[in-house]
Amino acid sequence: MSAAQDFVLAIDFGGTKVAVATAGLDGEIAESVRLDTDAPRGARQVVQRALVAARELVARTRAARGGRPLAVGAVSPGIVLDDGVLLAPNVPGWEDLSLPALLREGLALERVRVMTDVKAAALAEARWGNLRDADPGVLLSLGTGLAAAVVIDGRVLNGANGAAGEIGYMLRGAGDQAGAARGRAPLEEAVAGRAIGERGSRLLGERLTAEQVFSSDDPRARALVSEVLAELAVHVANVAILIDPARLAVGGGLMGSGRRVLDALGARLREAVPFPPELVPARFGPDGALRGAVALALDGAQSSAGAARTRPHDDAVKGEAR
């Protein structure tokens, strides 16, 4: 059977949804499915349901094209280590997962690569999307949470502890006394998708998502969105001043209101940054992390099986965690 029929497996463990896909060795998606995370039921059921879906997709892909799965790439909020996940508070018990081992055992695949979701999305944008040839480039992800990733010479910056780009932990001002040491993410808790939904719900007296708050014609909701974007834009401008990127791409679920987001960020960048970066929407939008998982899996397929281990302090700086 031709090697061209072989494929890889990709899993994006998100805060509210899990995306699973198979892809050919050219990076094109072959089969895909999405699941609700159902976070209140805990972490292990998320992984187990994702594994069931992954095995079903592998069977369907093999039936359709032959070949075999060569590797799996998986992405997750937080910093994925062999024995746990750091900075991932959205799903109860997620921090206790040995995710690489669960994937190897549950999928009978030795070649497993894992990475923080936003860093993986930046890898996909640098390889195939709107950060290609941008040096440096920055991906800003506006979704349930808030994070960024920096691309330098085509490589995603990992940082000393795997936490480069975790801008949700930025302090909002001198009055902020509770930060990472107390398990708080001050900026994310004010301007990310979950926060916008919660703040809008309290303001309007009904249960709303961030997307519904953005689309509401209620003057109170519109004022809230303007306030959130104004605060976010200040921090994005500071990131741009620090890094001096050639291009800044914006992705994530909140880009459903992309024009409004880009207008707010662009105005502040032009006003505050000595050399404003080109501001563009991310090519892959909400699918960026899944496409990043595909990129990781393709890298894993090209490496030896013995190298497939999680080592975020080593090769993750090159755009991959093994």
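Described in the following lines is the structure provided in the data block.

Parameters at a glance
Residues numbered from 1 in each chain as written. Predicted model: local features only at pLDDT ≥ 70, side-chain atom pairs only at ≥ 80, totals over all residues. Heavy atoms only, no water. Helix = DSSP H or I, 4+ residues; strand = E, 2+ residues; numbered from the N terminus. Rg over C-alpha atoms; globule rule 2.2 N^0.38 Å. Buried < 20%, exposed > 50% of the residue type's maximum accessible area, 1.4 Å probe, protein only. Contact = heavy atoms within 4.5 Å. Lys, Arg positive; Asp, Glu negative; His and termini not counted. Charge placed at Lys NZ, Arg CZ, Asp CG, Glu CD. Phe/Tyr/Trp six-rings, centres within 6.5 Å; stacked < 30°, edge-to-face > 60°. Lys NZ or Arg CZ within 6 Å of the ring centre and 35° of its normal. 1 Å grid on protein atoms, 1.4 Å probe; cavity = no way out; pocket = protein on both sides within 12 Å on 5 of 7 lines; lining within 4 Å. Points joined across faces, edges and corners; volume = space filled by probe spheres on them. Nonpolar A, V, L, I, M, F, W, Y, C, P; charged D, E, K, R; others polar. Salt bridge = Lys/Arg side-chain N within 4 Å of Asp/Glu carboxyl O. Axes fitted to C-alpha atoms, helices over the stretch in contact; angles between N-to-C directions. Parallel < 35°, antiparallel > 145°, perpendicular 65-115°, else oblique. Left-handed = near helix turned anticlockwise from the far one by under 90°. Pairing = 2+ DSSP bridges.

### Overview of the overall build of the chain
- Of the regular secondary structure elements, the chain holds 9 helices and 12 strands.
- Radius of gyration (C-alpha) of the chain: 19 Å, near the 20 Å computed for a compact globule of 322 residues.
- Expressed along its principal axes, the backbone C-alpha trace of the chain runs to roughly 60 × 40 × 35 Å.
- Out of the 322 residues belonging to the chain, those deemed buried represent 55%.
- Long-range pairs, those at least 24 residues apart, make up 65% of the contacts in the chain with a sequence separation of at least 6.
- Looking at charge distribution, the chain has the averaged site of its 37 positive side-chain charges lying 2 Å from that of its 39 negative ones.

### Here we look at the packing of aromatic side chains
- Inspection of the entire model under this criterion finds 1 aromatic pair.
- A cation over an aromatic ring shows up here: Arg127 above the ring of Trp128, its NZ or CZ 5.9 Å from the ring centre.

### Description of the layout of surface pockets
- One number sums up the size of the largest pocket: a volume of about 1200 Å³.
- Elements represented by at least two residues in the lining of the largest pocket include exactly β2 (17-24), α3 (117-128), β8 (137-142), β9 (146-152), α5 (193-204), α6 (210-215) and α9 (288-301).
- Per-element accounting of the lining of the largest pocket gives the leading share, 5 residues, to α5.
- Across the lining of the largest pocket, the residue classes tally to 17 nonpolar, 20 polar and 11 charged.
- Every residue lining the second largest pocket is counted, 17 residues in all, and those nearest its centre are Pro89, Asn90, Ala185, Glu188 and Glu189.
- Elements with a contribution of two residues or more to the lining of the second largest pocket: α4 (188-191) and α5.

### Side note on the pattern of salt bridges
- Following the criterion strictly, the structure yields 13 salt bridges and no others.
- Salt-bridge contacts for Asp287 lead to Arg34; the nearest nitrogen and oxygen are separated by 2.1 Å. Pair noted here: Asp287 is in the loop between β12 (278-281) and α9 and Arg34 is in strand β3 (residues 29-36), with a separation of 253 residues, a long-range link.
- With relative accessibility at 47%, the residue Arg34 sits in the partly exposed group.
- We note a salt bridge from Arg247 to Glu278, for which the minimum N-O separation is 2.9 Å. One end of the pair, Arg247, is in strand β11 (residues 247-251); the other, Glu278, is in strand β12, and 31 residues separate them in sequence.
- With relative accessibility at 43%, the residue Glu278 sits in the partly exposed group.

### Focus: the packing of helix α7 (residues 219-243) against helix α8 (residues 258-272)
- Two elements in contact, α7 and α8, have axes whose closest approach is 8 Å; the angle formed by their N-to-C orientations is 45°. Taken as axis vectors, α7 and α8 run oblique relative to one another. The way α7 lies across α8 gives a crossing that is right-handed. Mapping the contact onto sequence places Arg222, Val225, Ser226, Leu229, Leu232, Ala233, Val234, Val236, Ala237, Ala240 and Ile241 in α7 and Arg260, Val261, Ala264, Leu265, Arg268, Leu269 and Ala272 in α8.
- Partitioning the contact of α7 with α8 into residue classes produces 14 nonpolar, 1 polar and 3 charged.

### Considerations on the pairing of β2
- With respect to burial, β2 is a largely interior element, 7 of its 8 residues being buried.
- Counting the residues in the hairpin turn of strand β1 (residues 7-13) and β2 gives 3 residues.
- Of the strand pairs in this sheet, β2 and β3 are connected by 7 bridges, and their pairing is antiparallel. Bridge pairing links Ala23 to Ile29 in β3.

### Here we look at the pairing of strand β7 (residues 112-116)
- Here β7 lies mainly inside the structure; 5 of its 5 residues are buried.
- Burial along β7 is two-sided: the face carrying Val112, Val114 and Thr116 and the face carrying Arg113 and Met115 are both buried.
- One ladder, built from 5 bridges, connects strand β4 (residues 69-76) with β7; its direction is parallel. Each bridged residue has a counterpart across the sheet, and for Ser76 the counterpart in β7 is Thr116.

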